Amino acid sequence: MKLTVRPLGADVSGIDLRRITADQVAAVKAAVYEHKLLVFHGTDLNDADYVAMARKFGTPQRYFQRHYWHPEFPEIFVSNNVPEGGKKLGVAGTGRMWHSDYQFFPEPLPLTFVMPKIVPPGGARGTLFLDMVAAARDLPPALREALLGTRLFQDAVYFYKVQPPDVDRGIGELMEQFHREAPGALHPAFVTHPVNGRTAVYASSGFSQRVDGMPHERSQALLRELFAFLEQPARVHTATWAPGVLLLWDNRQVMHRSSGDLHGQPSRSYRIGVYDGLPFYPGLPITGDDQP
Ligand code: 7UC
Ligand code: FE
């Protein structure tokens, strides 16, 4: 395996993912914990190969909402705006907000693979990343002090994608239904990495709704200031999609967002989330390994 290090992340070459060995899996995991984001090139995995490969890294997740599922492989979360055989497949326009996957669940998702399947022409489609370890290091002291020891409430209800059966139902009822399955979760504003001990800011403008126990106005002002710091254009790194690219990132150390499908251009990607058998941060129970 060869790594070419970028300002955030590393390009990987010299691995045949279809025949990846246990030693190579260990090396790739060590590399993703070290570099936060890995970009593989020239991959050629069919859907069954992809799921089998992901299984070697841990327990693949089944997303809590079935309308994201690939019809044959529930472990594949389908982000897609192109009909398949005349039918809707997956969900369009996912992940356009800054977030970390499953940040709004008691046990967030440690590792995410994303494989672009249909890449809009023009090279402008990609996944954007923020280095949250660098953010913790660079955070202005006043912001750090205000956030130290706090927990943030994480919720994704505002990103619920309305589905055909939801027609004629009230927004309040849809929100209640979403919250029955995903009520949101409290997590520390700073998380410690279980492998390398690094500290990362664990906050995103997509999901982090408020600072627990803080008066509303102060909480909103503090989060606004935090997001303005985190999302400065100079802190944003882009992983550009291309055929054969496969991304793997560590949700404990980066936030990400989709660049969005440009002007409705065709776009499709297959995600597989993986529980890696380690607590998301020390002290948090591991339950993801019990996935069906
Ligand atoms: O449709 C989406 O943008 C999905 C988002 C609300 N959640 C992805 C995740 O795993 O956190
Ligand atoms: Fe995501």
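Preceding block: the structure.
Below or above, wherever it landed, is the structure these notes cover. (Residues numbered from 1 in each chain as written. Chains lettered and ligands numbered in written order. Predicted model: local features only at pLDDT ≥ 70, side-chain atom pairs only at ≥ 80, totals over all residues. Heavy atoms only, no water.)

Focus: the coordination of the iron ion (ligand 2)
In step 1: Protein ligation of the iron ion (ligand 2) involves His99 (NE2), Asp101 (OD) and His256 (NE2), the donor distances falling in the range 2.1 to 2.2 Å.
In step 2: Read N to C, the donor residues that coordinate the iron ion (ligand 2) are spaced as H-x1-D-x154-H. With a gap of 155 residues between them, Asp101 in the loop between strand E5 (77-80) and strand E6 (111-118) and His256 in strand E15 (residues 254-258) connect regions that are remote in the sequence.
In step 3: On the basis of relative accessibility, which here comes to 3%, the residue Asp101 falls in the buried class. (Donors = N, O, S within 2.8 Å, 3.2 Å for Na, K, Ca; no water. Helix = DSSP H or I, 4+ residues; strand = E, 2+ residues; numbered from the N terminus. Buried < 20%, exposed > 50% of the residue type's maximum accessible area, 1.4 Å probe, protein only.)

Section: the site of ligand 1
In step 1: Residues in close proximity to ligand 1 include Tyr63, Tyr68, Thr94, Gly95, Met97, Asp101, Tyr102, Phe104, Phe159, Lys161, Phe207 and Arg271, which together make up its full environment.
In step 2: Contacts to ligand 1 include Tyr68, whose side-chain N or O atom sits 2.5 Å from an oxygen atom.
In step 3: Note that an oxygen atom of ligand 1 is positioned 2.8 Å from one of the backbone N or O atoms of Gly95.
In step 4: Taking 330 Å² as the accessible area of ligand 1 by itself, protein coverage stands at 98%.
In step 5: For the shell around ligand 1, the residue count by class is seven nonpolar, two polar and three charged. (Near = heavy atom within 4 Å. Polar contact = N/O pair within 3.5 Å; in protein donor to acceptor, adjacent residues only side chain to side chain. Areas by Shrake-Rupley, 256 points an atom, 1.4 Å probe, with all protein chains shown as cover. Nonpolar A, V, L, I, M, F, W, Y, C, P; charged D, E, K, R; others polar.)

A closer look at the sheet that holds strand E12 (residues 208-211)
Across a sheet, strands are paired by hydrogen bonds formed along the backbone, either parallel or antiparallel in direction.
In step 1: Ordered by their spatial adjacency, three strands build an open sheet running E9-E8-E12, and the pairing between neighbours is antiparallel. Each of the sheet's edge strands pairs with one partner strand only, and the pair in question is strand E9 (185-188) and E12. Here the strands of the sheet are splayed against their neighbours by 35° on average, with no regard to which way each runs.
In step 2: When strand E8 (residues 151-154) meets E9, the two strands line up antiparallel, connected through four bridges. Counted as the bridge partner of Gln154 is Ala185 from E9.
In step 3: Sheet strands in contact with helix H6 (residues 216-230) are E8 and E12, and its direction is about 130° off that of E12. (Pairing = 2+ DSSP bridges. Axes fitted to C-alpha atoms, helices over the stretch in contact; angles between N-to-C directions. Contact = heavy atoms within 4.5 Å.)

Quick look at the pairing of strand E16 (residues 268-275)
In step 1: Burial of E16 is extensive: eight of the eight residues sit out of reach of the surface.
In step 2: A two-sided burial pattern is seen for E16, the buried positions comprising Arg268, Tyr270, Ile272 and Val274 on one face and Ser269, Arg271, Gly273 and Tyr275 on the other.
In step 3: Both strand E4 (residues 59-60) and E16 contribute to a ladder of two bridges, which runs antiparallel. What sits directly across from Pro60, in E16, is Val274.
In step 4: Across four bridges, the pairing between E5 and E16 is antiparallel. Opposite Val78, over in E16, you have Tyr270 as the bridge partner.
In step 5: Bridge count between E6 and E16: seven bridges; the pairing is antiparallel. Following the sheet pairing, Pro116 is matched in E16 by Ser269.

Some remarks on the environment of Ser208
In step 1: With respect to the element layout, Ser208 can be found in strand E12.
In step 2: A C-alpha to C-alpha distance of 6.2 Å links Ser208 and Leu152, two positions 56 residues apart in sequence.
In step 3: Ignoring anything within four residues of it in the chain, the contact list for Ser208 reads Gln103, Leu152, Phe153, Gln154, Tyr202, Ala203, Leu223 and Phe227.
In step 4: Side-chain polar atoms of Ser208 contact the side chain of Gln154, separated by 2.7 Å.

A few points about the environment of Phe57
In step 1: Inspection of the secondary structure puts Phe57 in the loop between helix H2 (47-55) and E4.
In step 2: On the basis of relative accessible area, Phe57 is assigned to the buried category, the value being 1%.
In step 3: Separated by 154 residues in the primary sequence, Phe57 and Val211 have C-alpha atoms spaced 34 Å apart.

Some points on the packing of aromatic side chains
In step 1: Applying the stated rule across the entire model yields 21 aromatic pairs.
In step 2: Measuring from centroid to centroid gives 5.0 Å for Tyr63 and Phe64, while their planes differ by 50°, and the two rings are tilted.
In step 3: With relative accessibility at 16%, the residue Phe64 sits in the buried group.
In step 4: One aromatic cluster in this structure is built from Tyr63, Phe64, Tyr68, Phe77, Tyr102, Phe104, Phe105, Phe159, Tyr160, Phe178 and Phe207.
In step 5: The residue whose ring lies beneath Arg125 is Trp241, and the NZ or CZ to ring-centre distance is 3.9 Å.
In step 6: The ring of Phe77 has Arg271 sitting right over it, with the charged end atom 4.1 Å from the ring centre. (Phe/Tyr/Trp six-rings, centres within 6.5 Å; stacked < 30°, edge-to-face > 60°. Lys NZ or Arg CZ within 6 Å of the ring centre and 35° of its normal.)

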